[in-house]
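# Inside the fold
This is what each chain is made of:
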Amino acid sequence: MNRQILFIEMHYLTKDAEIYQQIDQISQFKTLWIDTEVADWNTPYPRLSIIQVLADYTDLTGASAFIFDVLDKPDLIDYFINQIMVKSAIAKVFHNSGFDVKYLGKNLAQNIICTYQLSRKITREKLQVSKLKLKTLAVELCDFSDVDAEEGTSDWGKRPLSQKQLNYAAMDTVYLAAVHRRLLEISQSEAINDIFNMVNNTFNNSSLTPTKVRLAFECPRLFYLNHHFNDKAIFFPKNTALGIGNAFHKLADDLIELLLINPDIKYLFTHDSSKLNVEEIASEIQQIFYTIKFFPYLQKSISQDDSKAPALLQIWQGIQGLIKKFTELLIINRRYCSAETVFKNTFIQAERALEYHFHLPDDTQQLVRGEFDCLVFNFELKRLCMVEFKTYQPVDPAAQLAQVSLYSYMLSQKKNAAVDSAVYCVLPEFKDYQYSWEQLETNVHKLIPFKLQQMQEWLKWESPNPNPPPATNQPHLCEICPQQQKCQTFFIQESDPPQPPPKNGKSSSTINANEIGESLVTTLASFKVNVDYHGADVSPAFIRVKIKPHLGVKVPSILKLSADLQVQLGLESPPLISPQPGYVSVDLPRKNREVAQFEDYIQKQFLPPNSTIKIAVGIGIDGKLLEADLSDPNTCHFLVGGTTGSGKSEFLRSLLLSLLYRHSPQHLKIALVDPKRVTFPEFEQIPSLYSPIVKDSDRAIELMEELVIEMESRYQKFETAKCPDLTVYNQKSSQPLPRIICIFDEYADFMAEKEIRTGLEQSIKRLGAMARAAGIHLIIATQRPEAGIVTPIIRSNLPGRIALRTSSEADSKIVLGGTQTAAAYLLGKGDLLYQVGSQLHRLQSLLVQNMNLF
């Protein structure tokens with residue numbers, strides 16, 4: 001966890017010559033994160049006090065931040081403006097640029113980035129934060145803790161500035177860089193390489209931290225997602241309050257601060273050390289701390305959110321345990337120190353930031369950086385001890401040991417002394433873990449270098465290549481994983497796919513379909529539903545049994561037995577039962593399910609330019625590939641719906657690859673919208689792209705508007721050439737136009753804001769109604785095909801429908817129309833329903849397991 005430290009060795013410059021020289025040096029950087037503090041800001045005559053600048057985005061402590069003291073130094077301010085602010089080659093990042101730039105050049109400033117505006121554009125709801133202030137974003141979006149939000153209102157006009165003010169100023173730039181990066185990851189991931197230089201190794205692909213090492217022990221995949229995407233990565237136990245980790249860390253720091261300065265607490269230790277009683281002194285400290293620190297904090301917190309009261313009271317129980325532990329240590333040390341010195345000799349006030357280059361087995365090095373919580377000294381043991389505060393007890397004790405081993409080892413190298421470790425947890429009850437230096441040192445030498453090398457290898461992996469980071473060896477962690485949904489789609493190679501069929505598309509497994517069919521007939525007879533068996537077909541995912549009810553047996557009497565058949569036949573999912581011309585089909589899920597490999601059905605060979613454009617939909621019950629003709633008015637545009645685990649992303653990838661395999665970039669252009677950045681990463685550089693892959697809402701609206709303009713432009717050309725559509729025009733023209741297919745994944749992500757929703761709907765309405773003849777086609781996909789997202793305007797202009805498994809019957813009806821609820825009972829992993837007119841085809845989508853095919 002990133003935490004503010006008590007003392008930061010930032011670069012605080014007060015001499016003019018030093019400031020001039022440093023401004024020249026930082027002017028060489030591409031990106032700078034800048035903040036200011038203003039004296040007399042609430043008067044008619046505000047004065048710029050300091051300018052804070054950070055150039056190293058990997059700095060989590062503020063140690064590399066520059067603070068320029070420019071109070072009443074207009075020449076220095078002008079020099080900063082001329083060397084930094086007016087240069088368009090330097091990106092200047094502020095949180096509230098409207099305020100800061102007033103003092104730094106105003107309209108002269110070039111290439112200004114405002115993280116507040118970025119966060120507003122993404123929206124507070126999507127970010128899931130309570131406010132858009134920098135400190136709030138640092139805590140709730142980037143997992144910083146112990147953030148000082150009060151020093152900003154202090155007097156920035158007095159000199160000298162206090163150490164607390166300087167710490168505050170330096171950390172503001174750290175928060176700014178972290179928030180900026182996180183916002184870009186959410187909205188503009190393509191900009192990260194340019195801004196954060198992630199492609200070069202200036203900062204060693206950034207350092208690793210003890211927290212990330214702990215995470216790598218717990219779950220390699222969550223470590224990967226956290227490192228590359230800054231995704232939240234804390235395993236919270238079930239049924240626990242969230243958002244209280246910061247509370248415990250703050251209160252623990254407050255306790256140490258109170259122990260160091262409160263005279264009433266010091267007085268408790270003035271008696272002879274042999275007469276000091278742990279229980280009595282701990283009780284007195286509890287009362288003092290409760291009155292001065294905890295109760296005011298509790299009142300303030302519950303006034304803002306009263307739902308946190310139970311959890312904070314639990315934390316109070318843990319704080320009492322922490323007070324007792326500290327009291328025991330202070331009484332031990334009192335035997336060796338006076339009452340006046342025992343506190344400062346027990347709680348070692350030192351810089352919390354640590355870093356160390358570990359030598360790895362392959363003769364490379366890995367930088368590890370981190371910040372510990374507290375350092376104490378035990379005079380009886382003559383040993384330092386690093387203390388880690390944790391809200392919850394560890395989900396993996398071995399992972400916790402690895403984390404504290406790193407802290408202690410790095411501290412030992414810095415202090416040139418042995419350092420024990422202790423971990424104090426407060427929920428669900430106070431518990432402490434003690435580790436000796438001998439145990440920690442052995443753990444580091446035996447495990448850490450190999451783990452760090454392994455982590456480096458995991459970070460080199462790119463989706464969808466084979467051999468991703470392995471899944472956790474503790475399956476119970478998946479149930480409380482904060483990235484469970486993303487993990488299931490991002491690491492698709494490890495989804496335990498079934499074995500593929502042979503090249504002819506027929507099942508390789510020996511299945512006695514007739515025996516299964518007869519068993520179904522017998523089971524139905526036990527419910528007094530008599531039918532005749534009319535054969536069975538075997539598909540990759542299910543066995544379709546055909547039955548014909550006897551005279552007098554109504555079809556609804558069969559339909560209502562779906563759950564009973566699941567129980568009696570031992571099926572993993574309920575069978576889908578549908579009336580067909582002359583019989584009733586009963587689809588029984590296969591236990592040994594197979595996949596339909598893409599390369600078994602589609603070969604790479606460009607078709608003639610005048611060929612119709614077809615998309616691969618899936619494999620039918622006959623083992624043949626079913627395709628949709630985009631020139632057909634019934635299938636010219638598609639709505640695709642499917643929930644998590646349905647195989648929607650894999651379906652879209654196979655659909656896209658089927659187009660690229662058969663149509664050259666000269667005759668087909670692809671527009672891709674991928675807000676989650678995980679569906680089409682391997683298609684970033686394809687020559688068929690109409691434009692770079694779109695990942696944010698503003699660019700999505702622009703793309704759709706561009707397609708409308710392109711459509712209108714084509715109709716003008718058709719009118720001039722007296723041609724009814726693109727096919728005829730290309731036959732006559734010496735400069736044929738390519739068809740354009742826009743595949744829009746996760747449409748629901750753009751529907752939160754009314755303005756964006758309206759803009760997209762209007763473009764889709766126009767394209768859906770008119771774009772087919774112009775050779776422009778839409779494929780709109782979403783995980784959440786809800787009525788408020790897939791509105792009647794959208795549905796009426798997307799005639800083609802493909803439903804993978806939906807999360808509800810209502811969603812199934814939205815995708816397929818009418819009263820069709822069957823999609824809610826599909827099997828997932830590519831099992832889909834394709835609607836053509838009144839016919840509903842159940843298919844298995846193709847799976848591209850090897851992107852080297854492309």
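Along each chain, residues carry numbers from 1 onward, in the same order as the chain's sequence is written. Selection of residues for local features in this predicted model requires a pLDDT of at least 70, selection of side-chain atom pairs for listing and counting requires 80 or more, and totals for whole chains, interfaces and linings are taken over all residues. Hydrogens and water molecules were not included; the side-chain quantities draw on all heavy atoms of the structure.

### Notes on the overall build of the protein chain
- The secondary structure content of the protein chain amounts to 27 helices and 29 strands.
- In terms of overall dimensions, the protein chain has a C-alpha envelope of 100 × 70 × 55 Å along the principal axes.
- Put simply, the protein chain has 854 residues, and 54% of those count as buried.
- Of the roughly 37400 Å² that the protein chain leaves accessible, carbon and sulfur atoms contribute 50%.
- In summary, the charge assignment counts Lys and Arg as positive and Asp and Glu as negative, without counting His or the chain termini. For this purpose, a charge sits on NZ of Lys, CZ of Arg, CG of Asp or CD of Glu. If the 88 positive side-chain charges of the protein chain are averaged to one point and the 96 negative ones to another, these points end up 5 Å apart. Secondary structure counts use DSSP, requiring at least four H or I residues in a row for a helix and at least two E residues in a row for a strand, with both numbered from the N terminus. Accessibility here uses a 1.4 Å probe with only protein chains present; expressed as a share of the type maximum, an area under 20% marks a residue as buried, one over 50% as exposed, and anything in between as partly exposed. Only the protein chains shown count as cover for residues, and the accessible areas themselves come from Shrake-Rupley with a 1.4 Å probe.

### Thoughts on the confidence of the model for the protein chain
- Within the protein chain, residue pLDDT values average 86, and 92% of them lie at 70 or more.
- Strand 4 (residues 47-54) holds the highest mean pLDDT among the elements of the protein chain, 96, whereas strand 1 (residues 2-3) holds the lowest, 38.
- A score from 0 to 100, pLDDT tells how confident the predictor is in each residue. Working rule for contacts: check all heavy atoms of both residues, and any pair within 4.5 Å makes them a contact. Low confidence marks residues 197-205, where pLDDT is under 50. Its contacts with residues over four positions away, or in another chain, come to 16 contacts.
- Considering only residues more than four positions removed or in separate chains, one finds that residues 493-509, a stretch of pLDDT under 50, has 42 contacts.

### Remarks on the packing of aromatic side chains
- Aromatic rings from Phe, Tyr and Trp, taking only the six-membered ring of Trp, are treated as a pair when their centres fall within 6.5 Å; an angle between ring planes under 30 degrees marks them as stacked, one over 60 as edge-to-face, and anything in between as tilted. Under the counting rule described, the total for this entry stands at 32 aromatic pairs.
- Ring centres of Tyr20 and Tyr79 lie 4.9 Å apart, and the angle between their planes is 80 degrees; this geometry places the pair in the edge-to-face category. Pair noted here: Tyr20 is in helix 1 (residues 16-26) and Tyr79 is in helix 2 (residues 74-85), with a separation of 59 residues, a long-range link.
- A residue is classified by how much of its surface remains accessible, and Tyr79, at 24% relative accessible area, is partly exposed.
- Note on Phe326 and Tyr424: the rings are 6.3 Å apart at their centroids and 75 degrees apart in plane angle, and the pair reads as edge-to-face. A residue pair is termed long-range when its members are at least 10 positions apart, and Phe326 in helix 14 (residues 309-334) and Tyr424 in strand 13 (residues 419-427) qualify at 98 residues.
- Since its relative accessible area comes to 3%, Phe326 is described here as buried.
- An aromatic cluster is built from Phe289, Tyr290, Phe294, Phe295 and Trp316, whose rings are joined through pairwise contacts.

### Regarding helix 19 (residues 513-526)
- Taking 1.5 Å as the rise per residue, helix 19 with 14 residues should run 20 Å; its terminal C-alpha atoms sit 20 Å apart, in good agreement.
- Buried within helix 19 we find Ala513, Gly517, Leu520, Val521, Thr523 and Leu524. Within helix 19, the buried residues cover an arc of 165 degrees as seen down the axis, which keeps them to one side. More than 90 degrees from the buried face of helix 19, the exposed residues found are Glu515, Thr522 and Ser526.
- At its buried positions, helix 19 is contacted by strand 15 (531-538), strand 16 (542-549), helix 21 (562-569) and strand 18 (583-589).
- Backbone geometry just downstream of helix 19 places Lys528 in the positive-phi region, at approximately 65 degrees. Expected helix span is taken as 1.5 Å per residue step, with the number of steps being one fewer than the number of residues. Directions from the helix axis toward the C-beta atoms define the arc.

### Some remarks on the sheet that holds strand 4
- Strand pairing is assigned whenever DSSP detects at least two bridges linking the two strands. Reading across the sheet, the 6 strands line up as 2-5-4-3-6-7 and stay open at both edges, with mixed pairing between neighbours. Bordering the open sheet on either side are strand 2 (11-13) and strand 7 (112-114), each of which pairs with just one other strand. Strand-to-strand twist across the sheet, computed as the mean angle between neighbouring axes with direction ignored, equals 25 degrees.
- Alignment of strand 6 (residues 91-94) against strand 7, held across 3 bridges, turns out to be parallel. Across the sheet, the residue bridging to Val93 is Ile113, located in strand 7.
- Helix-sheet contacts for helix 2 involve strand 3 (31-39), strand 4, strand 5 (66-69), strand 6 and strand 7, and the interaxial angle to strand 3 is about 155 degrees.
- Every axis in this analysis is a line fitted to C-alpha atoms, fitted for helices over the stretch in contact. Angles between the N-to-C directions lie between 0 and 180 degrees. Sitting on the sheet, helix 7 (residues 163-187) touches strand 2, strand 3, strand 4, strand 5, strand 6 and strand 7, and the angle it makes with strand 3 is about 140 degrees.

### Things to note about the state of the cysteines
- When the sulfur atoms of two cysteines come within 2.5 Å, that pair is taken as a disulfide. For the coordinates displayed, the defined rule picks out 0 disulfides.
- The closest cysteine sulfur to the non-disulfide-bonded Cys219 is located on Cys487, 5.8 Å from its own sulfur.
- Cysteine Cys374 is unpaired, with the sulfur of Cys385 as its nearest cysteine sulfur at 8.5 Å.
- Given the relative accessible area of 5%, Cys374 is considered buried.

### Describing the side chain of Glu388
- Its location among the elements puts Glu388 in strand 12 (residues 383-392).
- You can call Glu388 buried: its relative accessible area is 5%.
- Discounting chain neighbours no more than four positions away, the residues touching Glu388 are Asp373, Gln403, Val404, Tyr407, Ala422, Val423 and Tyr424.

### Overview of the nonpolar core
- In plain words, nonpolar cores are sets of buried Ala, Val, Leu, Ile, Met, Phe, Trp, Tyr and Cys residues tied together by side-chain atoms within 4.5 Å. In terms of nonpolar packing, the biggest core is built from 49 residues, with Phe223, Phe235, Phe358, Ile448, Leu452 and Met455 touching the most fellow members.
- Not counting chain neighbours up to four residues away, the residues in contact with Phe235 comprise Leu215, Glu218, Cys219, Leu222, Val395, Leu477, Ile480, Cys481 and Pro482.
- Of all hydrophobic cores here, the second largest spans 44 residues; its members include Leu258, Val342, Val376 and Leu427.

### Some thoughts on the packing of helix 1 against helix 2
- Running from N to C, helix 1 and helix 2 cross one another at 10 degrees; their axes reach a closest spacing of 10 Å. Comparing the axis directions of helix 1 and helix 2 gives the class roughly parallel. Facing helix 1, whose interface residues are Asp16, Ile19, Tyr20, Ile23, Asp24 and Ile26, helix 2 presents Asp75, Leu76, Tyr79, Phe80, Gln83 and Ile84. Roughly parallel covers angles under 35 degrees, roughly antiparallel covers those over 145, roughly perpendicular covers 65 to 115, and oblique covers all other angles.

### A few points about unusual backbone geometry
- Cis geometry marks the peptide bond from Arg159 to Pro160, where omega comes out at 5 degrees.
- As for its position among the elements, Pro160 is in the loop between strand 8 (144-145) and helix 7.
- Not every positive phi belongs to a glycine, and Lys382 is a case in point at roughly 55 degrees.
- Given a relative accessible area of 64%, Lys382 falls into the exposed group.
- The phi dihedral of Glu746 is positive, around 55 degrees, even though this residue is not glycine.
- Following the sequence through the fold, Glu746 ends up in the loop between strand 24 (739-744) and helix 25 (754-770).

### Thoughts on the sheet that holds strand 11 (residues 374-378)
- The 4 strands are arranged 11-12-13-14 in an open sheet whose pairing can be described as mixed. Each edge of the open sheet carries a strand with a single partner, namely strand 11 and strand 14 (431-435). On average, each strand axis in the sheet is inclined to that of its neighbour by 25 degrees, with strand direction left out of account.
- In the sheet, strand 13 pairs with strand 14 via 5 bridges, with the strands oriented antiparallel. Bridged to Cys425 within strand 14 is Lys431.
- Taken strand by strand, helix 14 contacts strand 11, strand 12, strand 13 and strand 14, and its axis lies near 150 degrees from that of strand 13.

### A word on the environment of Ser49
- When you line up the elements, Ser49 lands in strand 4.
- With 85 residues separating them in the primary sequence, Ser49 and Leu134 have C-alpha atoms 20 Å apart.
- Ignoring any residue separated from it by four or fewer positions in sequence, one finds Ser49 in contact with Glu37, Val38, Ala39, Phe68, Asp69, Val70, Leu71, Trp156 and Arg159.
- The definition of a polar contact used here is a pair of N or O atoms within 3.5 Å, where within protein one atom must be able to donate a hydrogen and the other to accept one, and adjacent residues in sequence count solely through side-chain atom pairs. Of note is the side chain of Ser49, whose polar atom sits 3.0 Å from the side chain of Arg159.

### A look at the pattern of salt bridges
- Here, a salt bridge means any Lys or Arg side-chain nitrogen found within 4 Å of an Asp or Glu carboxyl oxygen. Under the criterion given, the structure shown has 39 salt bridges.
- The salt bridge involving Asp537 is made with Lys546; its shortest N-O contact spans 3.4 Å.
- Classification of Lys546 as partly exposed rests on a relative accessible area of 22%.
- Among the ionic contacts, a cluster of salt bridges with common partners joins Lys648, Lys676, Asp745, Glu746 and Asp749.

### Brief notes about the pairing of strand 18
- Strand 18 sits mainly inside the fold: 6 of its 7 residues count as buried.
- Sheet topology places strand 16 next to strand 18; 6 bridges connect them, and they run antiparallel. In the sheet register, Val545 faces strand 18, and the bridge partner there is Val586.
- As defined by bridge partners, strand 17 (residues 576-580) adjoins strand 18 across 5 bridges and the pair is classed as antiparallel. When the sheet's bridge partners are listed, Leu576 is paired in strand 18 with Asp587.

### Concerning helix 27 (residues 809-816)
- When helix 27 is considered as a whole, its buried residues turn out to be Asp811, Ser812, Ile814, Val815 and Leu816.
- Looking at the packing, one finds that the buried side of helix 27 touches strand 22 (638-641), helix 26 (792-796), strand 26 (800-803), strand 27 (831-836) and strand 28 (839-844).
- Following helix 27 by one or two positions, Gly817 has its phi on the positive side, about 85 degrees.

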